[in-house]
Amino acid sequence: VCDVADAAQVDALRDRAVERFGTAHVICNNAGVSAGGPVWEHTDDDWAWVLGVNLFGVIHGIRAFTPLFIAQGEGHIVNTASMAGLTSMPFSSMYNVSKHSVVTLSETLFADLAMTGNADVGVSVLCPGWVQTRIHEAGRNRPEGAATAEVDEERAAMRAGFADYIGSLIASGLEPAEVAAMVVDAIRTRRFYILTHPEWSPMITGRTDRIVNGEGPRLPEMPRA
């Protein structure tokens, strides 16, 4: 058990892995949580929880394991972002911010390793679409006592309906084992970007084209499984 938002616990995880197996060869920074709603309604505690797990969990994993991989001259780091790290879906501000951060963190890690002569350490960033996880129920892992914004009944009903809708899309998504196989292949072939849903690629290219062309964002259509 490891709370990835706690740097000391991630360090302890590394130390136990080395003690048990002699070293480590792959680190998958995969923990994730999410909470929905308009960006202006999230509390500081909301932000601290989501960024603590989704972003600082990855930061702690990189800091704890990368020096080990550099010292032994090999290893591979897999950071889980999301299609939400390449697009900007509504009512997902905290999740989007954390996952965009993981994408650029991974790209910078790749560049830093190359610039320092440590390109033998591989990096991949996983950007999945809908996968059959329970992330839409992430509130079950929320720290006790963390403040949430008070909303009226209508707003609460809207949030619940949106969560149910997302849950139905997740339930129709890929099996986790399918994604795991893609990750293993990316490690073996040293592929950086892992996109599990190529049919969603127009969302990425459309956003990039609008940026380059000086256009504003559009309300994206919620992709199906």
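Structure: see above.
Residues numbered from 1 in each chain as written. Predicted model: local features only at pLDDT ≥ 70, side-chain atom pairs only at ≥ 80, totals over all residues. Heavy atoms only, no water.

1. Let's talk about the packing of aromatic side chains
Item 1. Under the defined criterion, the tally for this structure stands at four aromatic pairs.
Item 2. Their ring planes at 50° and their centres at 6.3 Å tell us that Phe65 and Phe69 sit as a pair that is tilted. Of the two residues, Phe65 and Phe69 are both situated in helix α3 (residues 56-72); the distance of four residues between them amounts to about one turn of the helix. The burial state of Phe65 is the same as that of Phe69; both residues are buried.
Item 3. Seen from their ring centres, Phe110 and Phe192 are 5.6 Å apart, and the 75° between their planes marks the pair as edge-to-face. With Phe110 in helix α4 (residues 93-115) and Phe192 in the loop between α6 (176-189) and β4 (193-195), this pair connects stretches of sequence that are 82 residues apart.
Item 4. Residue Phe110 is classed as partly exposed on the basis of its relative accessible area of 48%.
Item 5. What makes Phe192 buried here is its relative accessible area of 13%. (Phe/Tyr/Trp six-rings, centres within 6.5 Å; stacked < 30°, edge-to-face > 60°. Helix = DSSP H or I, 4+ residues; strand = E, 2+ residues; numbered from the N terminus. Buried < 20%, exposed > 50% of the residue type's maximum accessible area, 1.4 Å probe, protein only.)

2. Considering the sheet that holds strand β3 (residues 121-127)
Item 1. What the four strands build is an open sheet, ordered β1-β2-β3-β4; its pairing is parallel. Every other strand in the sheet has two partners, leaving β1 (26-29) and β4 as the edge strands with one partner each. This sheet shows a mean twist of 20° between the axes of neighbouring strands, independent of strand direction.
Item 2. Two strands pair when backbone bridges link them, and β1 and strand β2 (residues 75-80) are joined in this way by four bridges, in the parallel orientation. Across the sheet, residue Ile27 finds its bridge partner in β2, namely Ile77. (Pairing = 2+ DSSP bridges. Axes fitted to C-alpha atoms, helices over the stretch in contact; angles between N-to-C directions.)

3. Focus: the packing of helix α1 (residues 7-21) against α3
Item 1. Orientation of α1 relative to α3, taken along the N-to-C sense of each, is 35°, at an axis distance of 8 Å. In the crossing of α1 with α3, the sense of the turn from one axis to the other is right-handed. On α3, the residues that touch Ala7, Val10, Asp11, Arg14 and Val18 of α1 are His60, Gly61, Arg63, Ala64, Phe65 and Leu68.
Item 2. Of the residues contributing to the contact of α1 with α3, the split by class is six nonpolar, two polar and three charged. (Left-handed = near helix turned anticlockwise from the far one by under 90°. Contact = heavy atoms within 4.5 Å. Nonpolar A, V, L, I, M, F, W, Y, C, P; charged D, E, K, R; others polar.)

4. A short note on unusual backbone geometry
For residues other than glycine, phi is negative in most cases, and the peptide bonds are mostly trans.
Item 1. Of note in this structure, Phe91 is not a glycine but carries a positive phi near 60°.
Item 2. For Phe91, the position within the fold is in the loop between β2 and α4.
Item 3. You will see that Arg190, though not glycine, has its phi angle at about 55°, which is positive.
Item 4. Position of Arg190 relative to the elements: it lies in the loop between α6 and β4.
Item 5. For Arg190, a relative accessible area of 46% puts it in the partly exposed group.

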